[in-house]
Amino acid sequence: MKNGREVISGGPPAAAAAGLPSPPAGPQRLTLLHDGSLNIQGVTPGDEGSYLCNTSLPDKSTFQARVLLQVASGPENVAVSVRPVTALSNGTLIAFQGSTVTFNCSGSSYPSQQLTWSFRGASSSNDSLASTSGSWLDFRIGDIQPRDQGVYSCMAHNNVSHQAVNKSTQLLVYYVPDRHPECMWAPAQDPSHILFSCSWFGAYPTPTLLWGEDQGEQGAHWKGRVYATEVTDNLTVMMNRSQLFDGQTVRCVAQHPAFDAGKEKSCSFTLKPPFPEGEPLTTALEATSVTLTCTESESIPPSNTTWRKGLQQQDIVPGSKYLLFQDGPLLKLTILNISKDDEGVYFCRSENPLAVRELEVYLTVKTSSVYTGAIIGVFIAALIVGLVVIIAKTVYSSRHRICLGGGFGQTEEDRGDVLSLVESDDEQMFQDAVPQLPPSTNGRHTTLVQIHRIPSSDHEDAESADTSPQQQEDTVQTEEPDDLVIF
């Protein structure tokens, strides 16, 4: 009997009397076995209930047994969803570091179920993340990190049948370091070759590195000639002088799926040939010491700078004769106890993979006699300057004689001329002695100037002393003017 109703008593009529559908022709759903067991085929939720087995024994006694039948189904339709992620061809999901990822699980079970999210990673095993007795369950991870990479599983468990369904998915967290790749160079055995190295550690998965040369305007995407590319975190490439030139920009580009579209990280350097600088001429005194200096700080990659001697450019070996000192880009060569044999040309030679450049320095060695001659020369020059000063002073003191006499060529007699100017107020005093001139037609004032000659010799001075005043007056009255100057 089920719930007080008879369902079977050895045949189908009992089932019909119990209100159950009649079984189709063939095998029956409900079967009463010889040992009193009830067999139900194709159990459905409608078969759930309390069953009572009532048995009559030969001695007219009865035996009853009660069974509670509970029908359970599921879990069914269990599904998981993770977003936002990118799915690989093998079903693995990819999230990027720093993003927010949401996990959702759903399913159905009868009469009830338990949904649970669990995580298994590198540092944990089956950690329970969230659980519920409902039909769906979700949780969220904000700012996801590499430690969150692993296998995420959702398990749906039927609380009655204890059946369980498990759905798992693997999640990878891609990340890149904040820094740019590091570009370096290393010298090769052949100085005309260079080894460029690019490293970018700390990215997952392994990035793709590319060595190339910039060409044209650089926009959102790098454009240029590719020398080498490989999926690695350290890429090296060997280049020779024929591939390099002044002003060339060599770049290492890092590519990774964690980058946004059109973005990339890179490092680069612009190549420059060496350019040594210094004084091209140096003079030193014999038996002393001299230091030649050379500076080279322009080249990229840095050049190897050395001092060499002579046109054959012999290598200079440090020792008792030569001292070499280097301080960054400055290279000094000190020559001790200089002799005439040290005179000549020296080369400061700088070489990097692009080119070889040389600074030529000529060293002149002088003896002490050379300096003695120089001192004498300075003395003679000073003497000449002194004579010029004396002559100039003499000329300046005799400037009035030069102006009146016309130069140094005048005789003593010529230097006796005296210029006499007659002012208009004194005209009356000299009216008898000075010839009068008619007035000028142009209205200008006219002044008569007489130039008298004064004897310069002693003999003439004596004769002038004996001359009487009357004779001097007569001379003044009868003497004709030598020159007439009109003002």
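Residues numbered from 1 in each chain as written. Predicted model: local features only at pLDDT ≥ 70, side-chain atom pairs only at ≥ 80, totals over all residues. Heavy atoms only, no water.

Quick look at the state of the cysteines
And step 1. Per the stated rule, a full pass over the model turns up 4 disulfides.
And step 2. Here cysteine 105 pairs with cysteine 154 through a disulfide, and the sulfurs are 1.6 Å apart. An S-S torsion of about -75° defines the bridge between cysteine 105 and cysteine 154 as left-handed. A residue pair is termed long-range when its members are at least 10 positions apart, and cysteine 105 in strand S8 (residues 101–110) and cysteine 154 in strand S12 (residues 150–158) qualify at 49 residues.
And step 3. The exposure class assigned to cysteine 105 is buried, which follows from its relative accessible area of 0%.
And step 4. Given the relative accessible area of 0%, cysteine 154 is considered buried.
And step 5. The disulfide partner of cysteine 294 is cysteine 348, and the gap between their sulfur atoms is 1.9 Å. (Disulfide = S-S within 2.5 Å. Helix = DSSP H or I, 4+ residues; strand = E, 2+ residues; numbered from the N terminus. Buried < 20%, exposed > 50% of the residue type's maximum accessible area, 1.4 Å probe, protein only.)

Brief notes about the sheet that holds strand S16 (residues 208–214)
And step 1. Pairing within the open sheet is antiparallel, and its 4 strands lie in the order S17-S16-S19-S20. Every interior strand has two partners, whereas the edge strands, strand S17 (224–231) and strand S20 (265–270), have only one. Neighbour to neighbour, the strand axes of the sheet diverge by 15° on average, direction disregarded.
And step 2. In this structure, S16 lies alongside strand S19 (residues 249–255), joined through 6 bridges in antiparallel fashion. (Pairing = 2+ DSSP bridges. Axes fitted to C-alpha atoms, helices over the stretch in contact; angles between N-to-C directions.)

A closer look at the pairing of strand S18 (residues 234–240)
And step 1. Here S18 shows a buried face lined by Leu235, Val237 and Met239 and an unburied face lined by Asn234, Thr236, Met238 and Asn240.
And step 2. Across 7 bridges, strand S15 (residues 193–199) lies against S18 in antiparallel orientation. Looking at S18, one finds that serine 199 is bridged to asparagine 234.

Quick word on the nonpolar core
And step 1. If you look at the biggest cluster of nonpolar residues, it comprises 27 residues, and the most contacted ones within it are Phe196 and Trp211.
And step 2. Taken together, the elements giving at least two residues each to this core come down to strand S13 (164–174), S15, S16, S17, S18, S19 and S20.
And step 3. Once you skip the residues sitting within four places of it in the chain, phenylalanine 196 turns out to touch Met184, Trp185, Trp211, Leu235, Thr236, Val237, Met239, Leu244, Val250, Phe269, Leu271 and Pro301.
And step 4. One finds Val78, Trp117, Ile144 and Leu171 within the second-largest nonpolar core, a separate group that totals 20 residues. (Core = buried A, V, L, I, M, F, W, Y, C linked by side-chain atoms within 4.5 Å. Contact = heavy atoms within 4.5 Å.)

Considering unusual backbone geometry
And step 1. Following glycine 74, the chain continues into proline 75 via a peptide bond in cis, with omega recorded as 5°.
And step 2. Structurally, proline 75 is set in strand S5 (residues 73–83).
And step 3. The omega angle of the peptide bond from tyrosine 110 to proline 111 is 5°, so this bond is cis rather than trans.
And step 4. Mapped onto the elements, proline 111 comes out in the loop between S8 and strand S9 (113–121).
And step 5. One non-glycine residue, aspartate 143, lies in positive phi territory at about 50°.

Side note on the pattern of salt bridges
And step 1. For the coordinates displayed, the defined rule picks out 10 salt bridges.
And step 2. For arginine 308, the salt bridge is made with aspartate 315, and the minimal N-O distance between the two is 3.3 Å.
And step 3. According to the relative accessible area criterion, aspartate 315 is exposed, its value standing at 59%.
And step 4. A salt bridge links lysine 309 to aspartate 342, with the nearest nitrogen and oxygen atoms 4.0 Å apart. One end of the pair, lysine 309, is in strand S23 (residues 304–309); the other, aspartate 342, is in the loop between strand S26 (330–335) and strand S27 (344–351), with 33 residues separating them in the sequence.
And step 5. On the basis of relative accessibility, which here comes to 3%, the residue aspartate 342 falls in the buried class.
And step 6. Three or more residues joined by partner-sharing salt bridges are found here, namely Arg241, Arg349, Glu351 and Glu358. (Salt bridge = Lys/Arg side-chain N within 4 Å of Asp/Glu carboxyl O.)

All quantities given are derived from atomic positions and should not be read as evidence of function.
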